[in-house]
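This is what each chain is made of:
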Amino acid sequence: MWQSYVNGLLVAAGLIMAIGTQNAFVLAQSLRREHHLPVAALCVTCDALLVAAGVFGLATVLAQSPMLLAVARWGGAAFLIWYGAQALRRACARQSLQQGEGQTARSLRAVMLSALAVTLLNPHVYLDTVLLIGSLGAQQTEPGAYVVGAASASLLWFFTLALGAAWLAPWLARPSTWRVLDLLVAVMMFSVALQLISAA
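Because the structure is a prediction, the values reported are computed rather than measured. (Residues numbered from 1 in each chain as written. Predicted model: local features only at pLDDT ≥ 70, side-chain atom pairs only at ≥ 80, totals over all residues. Heavy atoms only, no water.)

### Details of the confidence of the model for the protein
Worth spelling out the cut-off: Residue-level confidence of the predictor, termed pLDDT, takes values from 0 up to 100. Every helix listed is a DSSP run of H or I at least four residues long, and every strand listed is a run of E at least two residues long, numbered separately from the N terminus.
For the protein, the average pLDDT comes to 79, and 84% of its residues sit at 70 or higher. Per-element confidence in the protein is highest for helix α5 (residues 108-120), whose mean pLDDT is 88, and lowest for helix α6 (residues 123-138), whose mean pLDDT is 75.

Here is the structure:
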């Protein structure tokens, strides 16, 4: 059970920590203290629901087809290796999160709708959470523990951004910080890919 939990935690953490519109949005709201906790909760809820849908939906399909399971295993391993390589490439580039300063205050409804749009209208969220994390989770001995692990990574990351934004802002603005994070992401992706290949 713990292996499945840790796998879910590592895979989700590696995907969530990459610089993207969702992270930039959460950080900007947190820096301005504008409905930042509801935004973080919404992001965590969406991630957990999408991962669960992917894991348990794909688990049923994969259980009925050993060939699809093999395709998912090797395809997932290939994607993780590619993703890890991309993280290594990003580690060599200068990058930082935009803080989105200078915007006027908005209502809770407007902010939450924006958060939903940033989360659900991004095609990568479906590739990452439903397809990739879902197909990997469907192969775990304890898929439920895997979902909890993935949700834990989302919870820790988004609430760390929401609650620690003022302290984290200068740190996250440094390209060197994201180089270190990307190196960690690469290690996590390669390690889970190795587990998949070893289990084949």
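What follows continues from the structure just given.
### Side note on the nonpolar core
What counts, and what does not: Here, nonpolar core means buried Ala, Val, Leu, Ile, Met, Phe, Trp, Tyr and Cys residues that are tied together by side-chain atoms lying within 4.5 Å of each other. Throughout, exposure labels follow a simple rule: accessible area from a 1.4 Å probe, protein chains only, divided by the maximum for the residue type, with under 20% read as buried, over 50% as exposed, and the rest as partly exposed.
Of all hydrophobic cores here, the largest spans 46 residues; its most connected members are Leu-80, Ile-133, Trp-157 and Phe-158. At the level of secondary structure, the elements contributing two or more residues to this core comprise α1 (2-16), α2 (21-32), α3 (36-63), α4 (66-91), α5, α6, α7 (143-172) and α8 (175-199). Considering every element that reaches this core, the biggest residue donor is α7, with ten residues.

### As for the UniProt feature "transmembrane region" (unreviewed entry) in the protein
Short version of the rule: UniProt positions are given in the numbering used here, feature names are shortened, and annotations may be inferred rather than shown by experiment.
With numbering aligned to this structure, UniProt lists the feature "transmembrane region" (unreviewed entry) at residues 6-27, 39-61, 67-85, 106-126, 146-168 and 180-198. Secondary structure content for residues 67-85 is 100% helix and 0% strand, while the C-alpha to C-alpha distance between its ends is 27 Å. Helix makes up 100% of residues 180-198 and strand 0%. Its end C-alpha atoms lie 27 Å apart.

### Digging into the packing of aromatic side chains
Worth spelling out the cut-off: To pair, rings of Phe, Tyr and Trp, with the six-membered ring standing in for Trp, must have centres within 6.5 Å; the planes then decide the type, stacked if under 30 degrees apart, edge-to-face if over 60, and tilted in the middle.
Counting across every chain of the model gives one aromatic pair. Ring centres of Trp-2 and Tyr-5 lie 5.7 Å apart, and the angle between their planes is 80°; on these two criteria the pair is classed as edge-to-face. Taken together, the residues Trp-2 and Tyr-5, both in helix α1 and three residues apart, mark about one turn of the helix.

### What about α4?
Because an α-helix completes one turn every 3.6 residues, residues spaced three or four positions apart along the sequence face the same direction. What counts, and what does not: By this rule the span expected of a helix is its residue count minus one, scaled by 1.5 Å.
With 26 residues, α4 should reach 38 Å at 1.5 Å per residue; the first-to-last C-alpha distance of 37 Å fits that figure. Within α4, burial applies to Ala-72, Arg-73, Gly-76, Ala-77, Phe-79, Leu-80, Tyr-83, Gly-84, Ala-87, Arg-90 and Ala-91.

### Details of the side chain of Glu-34
This is how it is decided: Within 3.5 Å is the distance limit for a polar contact, defined as a pair of N or O atoms, with the added protein rule that one can donate a hydrogen and the other accept it, and that residues adjacent in sequence qualify only through two side-chain atoms.
If you trace the backbone, Glu-34 turns up in the loop between α2 and α3. Classification of Glu-34 as buried rests on a relative accessible area of 6%. Polar contacts involving the side chain of Glu-34 include one to the side chain of Gln-29, which spans 2.7 Å.

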